[in-house]
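Chains, contacts and geometry: an overview
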Amino acid sequence: MNVEIDLKNLTLDEMAAFLEQVAIPSSRAASIFREIHLHGCTDIGEMSGLKAAFRATLAQHAIISSLVPSEVEVSEDGTIKFAFTLDDGKLIESVLIPQGERHTLCVSSQVGCAMACRFCLTATMGFVRNLTPAEIVGQVQAVISYMQDTGVQRSTPREFVNNLVFMGMGEPLANYDNLITSLQILMAEEGLEFTERLVTISTCGLAPRIIDLGRDVRVNLAISLHAADDETRSSLMPVNKTYNLDQLMPALRTYPLGKKRVILVEYILLKGINDSPDDAQRLADLLGDLPCRVNLLPYNESPQLDFHCPDEATIETFKKILYGAGVRSFVRDSRGADISAACGQLAVKGNG
Ligand code: SF4
């Protein structure tokens, strides 16, 4: 067997199966998995928990990939944007958002995106390719490693990145199998041990995949809704022509939520398009008794796209209508806008 396997692509069970294939006891899987995912080992030769003969065998058949940021930009508000050059030269971005002592990492799942949401800069790149599990997991590990190098002290590696949100480049549910594998790796007890509370998958509304996700893992769900009627939503988000609100809402209503958990509803406020009092009332009616919290996101204007942000009074009125209807909502500040790290601004030049 000469095939070179990237160990970072493997779940713990897959690691055990692979070890058996190369005549290494599968009982070593947990220790190897821990070295890679908890301690950040990228060199099989340095695996302290493995006998020299096994290290030599493993090195013949496997590698451990790693991502190193090709560029790091720090925003005035402390948000940090990481650009990574992948093995094939494609570029992706991840964004670390500090909230007091805690940090949330916004992870990319694809190079570009096929979903073509009209307000999104990533969409202007089109779809290039899916990320592998190793490339998804690698973003988290690279950011942890960067934070460790800053000299900040934490008791465990995972405390450098407290929450994961899949809201970077790409539609995570369109890269479903690799998403599930990367979640199994990131949430494994033998690895970084992100619990269900700490991971949020954000989707533009692939209804059948939302149902699959609820069946296959336990994580928080965020829905990019952005309109409460089919006509407006289809004009902003082509996905709505395939899965309209009549298909999307039942998928959200049946999504299994942990105790005291709610679905996060993302709603970008676009001047003159989805920001009227009628739009707010329609949104309240649509959500009804769905356990949810609405994040109202005043649009981050960009010279490439012809959308604008409503004024403060319009935003306040919108929020008040939701509040009056009993829908919890918050207006979210844009983070990292000065380094194009804010929501919907991730687009890397040079991919093609
Ligand atoms: S908003 Fe999300 S799903 Fe829509 S095009 Fe942008 S990255 Fe893709």
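Calculation notes
Residues numbered from 1 in each chain as written. Predicted model: local features only at pLDDT ≥ 70, side-chain atom pairs only at ≥ 80, totals over all residues. Heavy atoms only, no water. Pairing = 2+ DSSP bridges. Helix = DSSP H or I, 4+ residues; strand = E, 2+ residues; numbered from the N terminus. Axes fitted to C-alpha atoms, helices over the stretch in contact; angles between N-to-C directions. Contact = heavy atoms within 4.5 Å. Near = heavy atom within 4 Å. Nonpolar A, V, L, I, M, F, W, Y, C, P; charged D, E, K, R; others polar. Buried < 20%, exposed > 50% of the residue type's maximum accessible area, 1.4 Å probe, protein only. Domains from an automatic or database assignment. Salt bridge = Lys/Arg side-chain N within 4 Å of Asp/Glu carboxyl O. Polar contact = N/O pair within 3.5 Å; in protein donor to acceptor, adjacent residues only side chain to side chain. 1 Å grid on protein atoms, 1.4 Å probe; cavity = no way out; pocket = protein on both sides within 12 Å on 5 of 7 lines; lining within 4 Å. Points joined across faces, edges and corners; volume = space filled by probe spheres on them. Core = buried A, V, L, I, M, F, W, Y, C linked by side-chain atoms within 4.5 Å. Phe/Tyr/Trp six-rings, centres within 6.5 Å; stacked < 30°, edge-to-face > 60°. Lys NZ or Arg CZ within 6 Å of the ring centre and 35° of its normal.

What follows deals with the sheet that holds strand β6 (residues 102-106). Read across the open sheet, the 10 strands follow the order β3-β4-β5-β6-β9-β10-β11-β12-β13-β14; overall the sheet is mixed. Looking along the sheet, the strands with just one partner apiece sit at the ends: β3 (69-74) and β14 (329-331). Pairwise comparison of adjacent strand axes, ignoring direction, gives a mean angle of 20 degrees for this sheet. Where strand β4 (residues 80-85) lies against strand β5 (residues 91-99), 6 bridges are found, and the strand directions are antiparallel. Looking at β5, one finds that K81 is bridged to V95. Contacting β12 (263-269), β13 (292-298) and β14, helix α11 (residues 312-324) runs over the sheet at an angle of about 170 degrees to β13.

A few words on the site of the ligand. Within the structure, the ligand sits among C113, M115, A116, C117, C120, A123, G170 and C204. Residue composition of the shell around the ligand, grouped by class: 7 nonpolar, 1 polar and no charged.

Right, let's talk about the pairing of β5 for a bit. With respect to burial, β5 is a largely interior element, 8 of its 9 residues being buried. Between the end of β4 and the start of β5, which pair antiparallel, lie 5 residues, with G89 showing a positive phi angle near 85 degrees. Here 5 bridges tie β5 to β6, and the two strands are oriented antiparallel to one another. Residue V95 lies in a different strand from β6, and its bridge partner there is C106. From the end of β5 to the start of β6, which pair antiparallel, there are 2 residues, and G100 there has a positive phi angle of about 65 degrees.

In terms of domains, the protein is made up of domain 1 (5-63) and domain 2 (69-339). A C-alpha centroid distance of 33 Å is found between domain 1 and domain 2. At the interface, 13 residues of domain 1 touch 13 residues of domain 2. Counting every contact that joins domain 1 to domain 2 gives 0 salt bridges. Our count for the contact surface shared by domain 1 and domain 2 stands at 4 residue pairs in polar contact (both at pLDDT 80 or more). Looking at the side of domain 1 that touches domain 2, the element that brings in the most residues is helix α2 (residues 29-37), giving 5 residues. Of the residues that constitute the side of domain 1 that touches domain 2, the class distribution is 6 nonpolar, 3 polar and 4 charged.

Inspection of the entire model under this criterion finds 1 cavity of 30 Å³ or more. The wall of the largest cavity is formed by E196, R197, R218, V219, N220, P256, L257, G258 and R261.

It is worth spelling out the nonpolar core at this point. Counting 106 residues, the largest nonpolar core has L7, L58, F119, L213 and L287 as the members making the most contacts within it. A per-element tally of this core places helix α4 (residues 133-149) first, with 7 residues. The residues that make up this core include at least three from each of domain 1 (5-63) and domain 2 (69-339). Once residues lying within four places of it in the same chain are set aside, the contact partners of F119 are H226, L236, M237, I268, L270, Y299, L305 and F307.

Looking now at the packing of aromatic side chains. Summed over the entire model, instances satisfying the criterion amount to 4 aromatic pairs. Taking the centre distance of 5.0 Å and the plane angle of 85 degrees together, the rings of F82 and Y146 count as edge-to-face. Remark: Y146 occurs in helix α4 and F82 occurs in strand β4; sequence separation between them is 64 residues. Note on Y267 and F318: the rings are 5.1 Å apart at their centroids and 40 degrees apart in plane angle, and the pair reads as tilted. A residue pair is termed long-range when its members are at least 10 positions apart, and Y267 in strand β12 and F318 in helix α11 qualify at 51 residues. Judged by relative accessible area, Y267 falls into the buried class, the value being 1%. Among the aromatic residues, those joined into a cluster by ring pairs are F82, F84 and Y146. Between R158 and the ring centre of F194, over which it is positioned, the NZ or CZ distance is 5.4 Å.

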